[in-house]
Amino acid sequence: MNELLERLQRHFDVNNINVLKPGMTTLKIGKDSAEILIRELRDREGYTHLNFITCIDYIEDGIFTLVYMLHNYDSKHTLGVHVDIDREGEEMTSIHTLWAQAWTYQRELREMYGINFPGSPRLDEDFCLEGWDQIPPMRREFDTRAFSEERFGHREGRHSEVPRVHMKMELYPKRGGDEE
Amino acid sequence: MTLSTGHSAALDFAQPEPPDLSSGKYVKLWQGPQHPGITGNMSLELVLDGDTIVSCKTHVGYLHRGFEKLMERRTFIQNFTVVCRIAVPEPTFNEYLYSHAVEEISGIEVPERAIWLRTMNLEMMRLASFLMWIGGQSGAFGQYTVPNWTLAYRDYVLDLFEEMTGARIYHMYIVPGGVRAGLPDGFEERARKIMKGAEKLLDQIERVMFNNVVFKARSKGLGIITPDMVDPYGIVGPNARACGLARDIRKDEPYLAYDRLDFETISGNEPDAYGRAYLRLQETRQSINLIRQCLDHAPTDGPFQADMPNVLHWKVPAGETYVKAECTRGEYGYYMVTDGSEFVRRVHVRGPSYTHAIAVMERLAVGTNIADIAGLMVSLHTYPPEIER
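Residues numbered from 1 in each chain as written. Chains lettered and ligands numbered in written order. Predicted model: local features only at pLDDT ≥ 70, side-chain atom pairs only at ≥ 80, totals over all residues.

**As for the confidence of the model for chain B**
Phase 1: Of the residues in chain B, 97% reach a pLDDT of 70 or more, and the chain-wide mean stands at 90.
Phase 2: Here helix α14 (residues 385-388) of chain B is the element of chain B with the lowest mean pLDDT, 81, and helix α11 (residues 273-297) of chain B is the one with the highest, 96. (pLDDT = per-residue confidence, 0-100. Helix = DSSP H or I, 4+ residues; strand = E, 2+ residues; numbered from the N terminus.)

**Topic: the interface of chain A and chain B**
Phase 1: Taken together, the contact between chain A and chain B spans 38 residues of the former and 36 residues of the latter.
Phase 2: Listed by contribution, the elements that provide at least two residues to the side of chain A that touches chain B are β1 (15-21), β2 (24-28), β3 (49-58), β5 (77-86) and α5 (163-171) of chain A.
Phase 3: Ranked by residues supplied to the side of chain A that touches chain B, first place goes to β3 of chain A with six residues.
Phase 4: The residue makeup of the side of chain A that touches chain B, split by class, is 17 nonpolar, 13 polar and eight charged. (Contact = placed C-beta atoms within 7 Å. Nonpolar A, V, L, I, M, F, W, Y, C, P; charged D, E, K, R; others polar.)

**Considerations on the sheet that holds β5 of chain A**
Residues and elements named next belong to chain A.
Phase 1: Pairing is mixed in the open sheet, where five strands are placed in the order β1-β2-β5-β4-β3. Two strands bound the open sheet, and with one partner strand each, they are β1 and β3. Averaged over neighbouring strand pairs, the angle between their axes works out to 20° when direction is ignored.
Phase 2: Pairing analysis gives four bridges linking β1 to β2, with the strands arranged antiparallel. Bridge pairing in β2 links N15 to K28.
Phase 3: Here helix α2 (residues 31-43) sits on the sheet in contact with β4 (63-72) and β5, set at roughly 160° to β5.
Phase 4: Sheet contacts for helix α3 (residues 102-113): β3 and β4; angle to β3, the most-contacted strand, approximately 10°. (Pairing = 2+ DSSP bridges. Axes fitted to C-alpha atoms, helices over the stretch in contact; angles between N-to-C directions.)

Dropping the structure here:
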């Protein structure tokens, strides 16, 4: 594993190498080199399996972290490639030519976070949402509760609890929900 | 009836040109979302030339409930009511992986007894899910006897779940730190009786279904997955093993008590719907064997839950992990990122159906007869909620 990381560090500007547990490491790379690194890992280093692509929204830092999780069946090692991109109007190089399922992930990320992957097939087709006219719903600033209240309104006879408050009241009824 | 289908070793991922519907040569037909031959709430947009499919597009979204978003706004314990609903026939894998991710990030050690009970619980889930699947596969080719048998017998397995966990479908039995309870009195005896009956049932199914000339004729040669498609398409589980690849996370990267169980990875050499079905039948038998081994070895006393604080005061430190397990359809995984707050920062659920039902299905459907599309879908064993978040 160390040899692989040394090789990668020689050829790419990888940083934040983090061994999460035996058999799993994550690293960070700039967005311009990410596609080349992922291709290299697939073609030369045996990381032939794409577990998934996903995104983490760090709204406080103004970035999205894209996570490409790759697996090597021979060495039984999983490598997470992290790529930071700006939250607003950012694009990322598409990897739909590397794995057949990659375009589906990219289509989902487009719909749920608004990230653009130029050239990725069927990118603007609806994935899970039909006729969505709000901001992409997985972004942290999208308030599900406010959306529900605005879209569906209040209905007479319908009562809902805040689950955390309700749980405390259930567990500590005599103290008015105070568990201390 | 056209029997064979699929592209052989086609690794060109380019999207095919859509057929010219204005030519009058083609008919567009929707299979689903309300259709008995569809695996859950999803739909296929099919374009037909006669009764042969020339184009297929998978549409999902009918089950989108925003699971991943919901989890970011609820405390760690509250998420249990969400995770088990992500795969209705197999909620236990979600419970285990979610719990395991929390445990890994928090550094919680699970007691030995809980490890064995979790293993048994997962294998019971595999058995129940495969029984449901065998019925679906048989029904998709017009044999309605087998579904009646298997769905009825699945209920006996659900009885065991009810005894063990208090619930039939959404058990929420596996929780961070261990499991919620030990086994009730007399459980082992009843479980062994049900396992014996299940074996007998599988023998009958093999005779009735796998030797049936109609089932053979319709499933052999349908939906061929070649070994060189496996990695480029992200194919996992029985769909990959049926074409000869001996990959099983339980064996390759053992978790829970699998390294102490005696079993071998089953792989086949018939990468079509028939081969996949037969492999799953063998894996169902293997699952019964593993449940028996768990009953033999599981400690009957000792703690089944690590010392945990009040659920309202769980402190999960900042961290990141990806945990995975072999569910009935292959690699099922949870990617979790925490930031030290009382809420999870991000959970991503990796389900095998994500690629099996979209990229793989859209490829294999082309050239298939419309009558066989339901059988093909079931043979890929897909669950839409995994795709839809």
